[in-house]
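Descriptive analysis of the structure
Given next are the chains, with one letter for each unit.
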Amino acid sequence: MGTVVVGFRLGWDAKGRQATVVLTRAGVLHHSMGLLGLAVRPARPHAPAARDPHPVPRQAATLRRLYADLLHQGYTRELIPPACVRLDTDEHPLHPRPWGEHAPPAHPGLIAEFTGAAPSGRGRSRTPWPSSTRRSA
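Residues numbered from 1 in each chain as written. Predicted model: local features only at pLDDT ≥ 70, side-chain atom pairs only at ≥ 80, totals over all residues. Heavy atoms only, no water.

Attention now moves to the pattern of salt bridges. Here the structure, examined in full by the defined rule, presents two salt bridges. The salt bridge involving Asp-13 is made with Arg-77; its shortest N-O contact spans 2.9 Å. Here the residue Asp-13 occupies a position in the loop between β1 (3-12) and β2 (17-24), and Arg-77 occupies one in strand β5 (residues 77-87), the gap between them amounting to 64 residues. Between Asp-69 and Arg-65 there is a salt bridge, with the nearest N and O atoms lying 3.7 Å from each other. You can see Asp-69 and its partner Arg-65 sitting in helix α1 (residues 55-73), four residues apart, about one turn around the helix. (Salt bridge = Lys/Arg side-chain N within 4 Å of Asp/Glu carboxyl O. Helix = DSSP H or I, 4+ residues; strand = E, 2+ residues; numbered from the N terminus.)

Written out as structure tokens, the structure is:
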């Protein structure tokens, strides 16, 4: 059946690190960090807040904020630009209370499949989500 995810991967050349963040259809953010060019540890899942009627839009805002925060921290190389990708991997189902001991388990194949299916970047970051739009006169 598969699932659709949105995500990105940024690199920090000076430190030799990379960060990958993926948002799934259920509204779960998977955040993984590691050394450039090496396999990263399984992603830490962050489930949406309890009783949230609209988890995906709220988590998408968090995804945008994470992108901006990582750029500010020094992750300026765009290894995978923000992209929406359909994966063959099935998403783990969420428990009715997705926090604490009921938090979703790490999904090691999700990050690997995303990086294999997503288009690669050009090397330098250009902000795909502008904070404002300007019109030239």
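Next comes the rest of the account.
Soluble globular proteins tend to bury their nonpolar side chains together. Among the nonpolar cores identified, the biggest contains twelve residues, and these are Phe-8, Leu-10, Ala-19, Val-21, Leu-23, Leu-29, Met-33, Leu-63, Leu-66, Tyr-67, Leu-70 and Tyr-75. Secondary-structure elements contributing two or more residues to this core are β1, β2, β3 (29-35) and α1. Sorting elements by how many residues they give to this core places α1 first, with four residues. Those residues within four positions of Leu-66 in sequence are excluded, and the remaining contacts are Phe-8, Val-21, Leu-29 and His-31. (Core = buried A, V, L, I, M, F, W, Y, C linked by side-chain atoms within 4.5 Å. Buried < 20%, exposed > 50% of the residue type's maximum accessible area, 1.4 Å probe, protein only. Contact = heavy atoms within 4.5 Å.)

Reading across from one edge, β4-β3-β2-β1-β5 is the order of the five strands in this open sheet, with antiparallel pairing throughout. Each of the sheet's edge strands pairs with one partner strand only, and the pair in question is β4 (44-46) and β5. For this sheet, the mean angle separating the axes of adjacent strands, direction not counted, is 15°. Of the pairings in the sheet, the one linking β1 to β5 comprises eight bridges and is antiparallel in character. Opposite Val-4, over in β5, you have Arg-86 as the bridge partner. With respect to the sheet, α1 is in contact with β1, β2, β3, β4 and β5, its orientation differing from that of β1 by roughly 10°. (Pairing = 2+ DSSP bridges. Axes fitted to C-alpha atoms, helices over the stretch in contact; angles between N-to-C directions.)

Before going further, it helps to spend a moment on the environment of Pro-55. Along the chain, the position of Pro-55 falls in helix α1. Contacts of Pro-55, omitting those with residues within four sequence positions, involve Ala-26 and Pro-48.

Tracing the backbone shows Thr-3 in strand β1. Under the relative-accessibility criterion, Thr-3 is labelled buried at 2%. When sequence neighbours within four positions are dropped, the list of residues in contact with Thr-3 reads Arg-25, Val-85, Arg-86, Leu-87, Thr-89 and Glu-91.

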